Amino acid sequence: MGLAGQIVAITGAASGIGRATAHAFAREGAALALIDIDDEGLETLAGELAGGARVTTARADLATRAGVEGGLRDALDGHGGRVDVLVNNVGAGAVRTFDDLDDEAWEATLQLNFYSYVRAIRAVLPQMRLRGSGCIVNNASDLARQPEANPIDYSVSKAAILSLTKALARAEGPAIRINAVAPGPIWTPFWSKPGGFAETLGTVHGLPPQEAVEHEMRLRQLPLERLGNPDEVADAIVFLASARASFITSTVLGVDGGSIRGL
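Residues numbered from 1 in each chain as written. Predicted model: local features only at pLDDT ≥ 70, side-chain atom pairs only at ≥ 80, totals over all residues. Heavy atoms only, no water.

Caption draft 1: Highlighting the overall build of the protein chain. In terms of regular secondary structure, the protein chain is built from nine helices and seven strands. Expected size for 263 residues packed as a compact globule is a radius of gyration near 18 Å; at 18 Å, the protein chain falls within 12% of this value. Overall size of the protein chain, expressed as C-alpha extent along the three principal axes, is 50 × 40 × 35 Å. By the burial criterion, 53% of the 263 residues in the protein chain qualify as buried. The long-range fraction of contacts in the protein chain, counting pairs at least 24 apart against all pairs at least 6 apart in sequence, stands at 70%. Counting only carbon and sulfur atoms, one obtains 52% of the accessible surface of the protein chain, whose full area is about 11800 Å². Taken as two groups, the 23 positive and 31 negative side-chain charges of the protein chain have centres that lie 9 Å from each other. (Helix = DSSP H or I, 4+ residues; strand = E, 2+ residues; numbered from the N terminus. Rg over C-alpha atoms; globule rule 2.2 N^0.38 Å. Buried < 20%, exposed > 50% of the residue type's maximum accessible area, 1.4 Å probe, protein only. Contact = heavy atoms within 4.5 Å. Areas by Shrake-Rupley, 256 points an atom, 1.4 Å probe, with all protein chains shown as cover. Lys, Arg positive; Asp, Glu negative; His and termini not counted. Charge placed at Lys NZ, Arg CZ, Asp CG, Glu CD.)

Caption draft 2: Region of the structure containing helix α2 (residues 39-49). Looking at α2, one finds that the buried residues are Gly41, Leu42, Leu45 and Leu49. On an axial view of α2, the arc spanned by its buried residues comes to 100°, and they lie on one face. Exposed positions of α2 whose direction lies more than 90 degrees from the buried face are Glu40 and Glu43. On its buried face, α2 sits against α1 (16-27), β2 (31-36) and β3 (55-59). (Arc of directions from axis to C-beta.)

Caption draft 3: Region of the structure containing the pairing of strand β1 (residues 7-11). Most of β1 sits inside the fold, with five of its five residues counted as buried. The alternating pattern of β1 places Ile7, Ala9 and Thr11 on one face and Val8 and Ile10 on the opposite face, and all of these are buried. Sheet topology note: the β1/β2 ladder contains five bridges and is parallel. Bridging across to β2, Ile7 finds its partner in Ala31. A crossover links β1 with its parallel partner β2, the connecting element being α1, and its sense is right-handed. For β1 and strand β4 (residues 85-88), the ladder comprises three bridges, and the chain directions are parallel. Each bridged residue has a counterpart across the sheet, and for Val8 the counterpart in β4 is Val85. (Pairing = 2+ DSSP bridges. Right-handed = clockwise from strand over helix to strand, strands pointing away.)

Caption draft 4: Molecular detail of helix α5 (residues 152-172). Along its 21 residues, α5 runs 30 Å from first to last C-alpha, staying within 8% of the 30 Å computed at 1.5 Å per residue. Every buried residue of α5 is accounted for by Asp153, Tyr154, Ser155, Ser157, Lys158, Ile161, Leu162, Leu164, Thr165, Leu168, Ala169 and Glu172. Those residues of α5 that are buried lie in contact with α4 (103-131), β5 (134-139), β6 (176-183), α6 (189-192), α7 (197-205) and β7 (252-255). (Expected span 1.5 Å × (residues − 1).)

Caption draft 5: Quick look at the packing of α1 against helix α9 (residues 230-241). The N-to-C vectors of α1 and α9 enclose an angle of 50°; their axes lie 8 Å apart at closest approach. The orientation of α1 relative to α9 falls into the category oblique. Judged by the sense of rotation from one axis to the other, the crossing of α1 with α9 is right-handed. Between α1 and α9, the residues in contact are Gly16, Ile17, Ala20, Thr21, Ala24, Phe25 and Arg27 and Pro230, Asp231, Val233, Ala234, Asp235, Ile237, Val238 and Ala241, respectively. Across the contact of α1 with α9, the residue classes break down as ten nonpolar, two polar and three charged. (Axes fitted to C-alpha atoms, helices over the stretch in contact; angles between N-to-C directions. Parallel < 35°, antiparallel > 145°, perpendicular 65-115°, else oblique. Left-handed = near helix turned anticlockwise from the far one by under 90°. Nonpolar A, V, L, I, M, F, W, Y, C, P; charged D, E, K, R; others polar.)

Caption draft 6: Here's a closer look at the pairing of β2. Taken across its six residues, β2 has six buried, putting it largely inside the fold. Neither face of β2 is left uncovered, since the one carrying Ala31, Ala33 and Ile35 and the one carrying Leu32, Leu34 and Asp36 both have all their residues buried. Traced from β2 through α2 to β3, the parallel crossover comes out right-handed.

Caption draft 7: Inspection of the side chain of Gln127 at higher detail. Topologically, Gln127 is positioned in helix α4. At a separation of 3.0 Å, a polar atom in the side chain of Gln127 contacts the main-chain amide nitrogen of Val83. (Polar contact = N/O pair within 3.5 Å; in protein donor to acceptor, adjacent residues only side chain to side chain.)

Caption draft 8: Here's a closer look at the pattern of salt bridges. Inspection of the entire model under this criterion finds eight salt bridges. Between Asp84 and Arg131 there is a salt bridge; the shortest N-O distance is 3.4 Å. Of this pair, Asp84 sits in the loop between α3 (65-77) and β4 while Arg131 is found in helix α4, placing the two residues 47 residues apart along the sequence. The class for Asp84 is buried, based on a relative accessible area of 6%. (Salt bridge = Lys/Arg side-chain N within 4 Å of Asp/Glu carboxyl O.)

Spelled out as structure tokens, the structure:
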């Protein structure tokens, strides 16, 4: 993919799609700057990548401005402060109705799922502009384009990411390409962890978590009739970051099992 030697920063790298994306870029010979709040997960991931890619890590609370700025600074310090590719991946959500969400819940969702992207992009754009090159890939969601009743705050935060992606791609072209992936349901800790989507869907549907997920997929009439896996999203991210996608910007690439029905 022509990514050997490229320096790739990934937020929310310790698990799920972020972890798979780190492995995918490492296989291409890229150097990695990985940021997450999960110290143990970062350490495990760095150990998995040892002996291959050049890897630096930084623990940071990406729901805060200081966390984003400090995390990127610390992770990129071992790469001379340079970054060629930014993958905005961090995010969280739970299945809650509109009535369940007070101002504090909305604020928490937007701080992590949206403002972290804004802040990370703000941190890397000056050097990309100075060099006249760079690539940003934002991880959004199929729910950004086809919202469900739950989780409404998550869907809104992801829709904001698509608008940000499109607007910045116009502002920063032709030197910097900015795209988004929009995964459908992907089996990651985002779903499977305690309090994750599977468990909270179980509460909403009155079913055990696994049964609730299967029920939700039937409700969504997903053509592929399964959840995706993180590697399938990671491959799409690597493609968008590569020279093989050199004429692609302002694009939202669905990795969603066919969940989007619109043209």
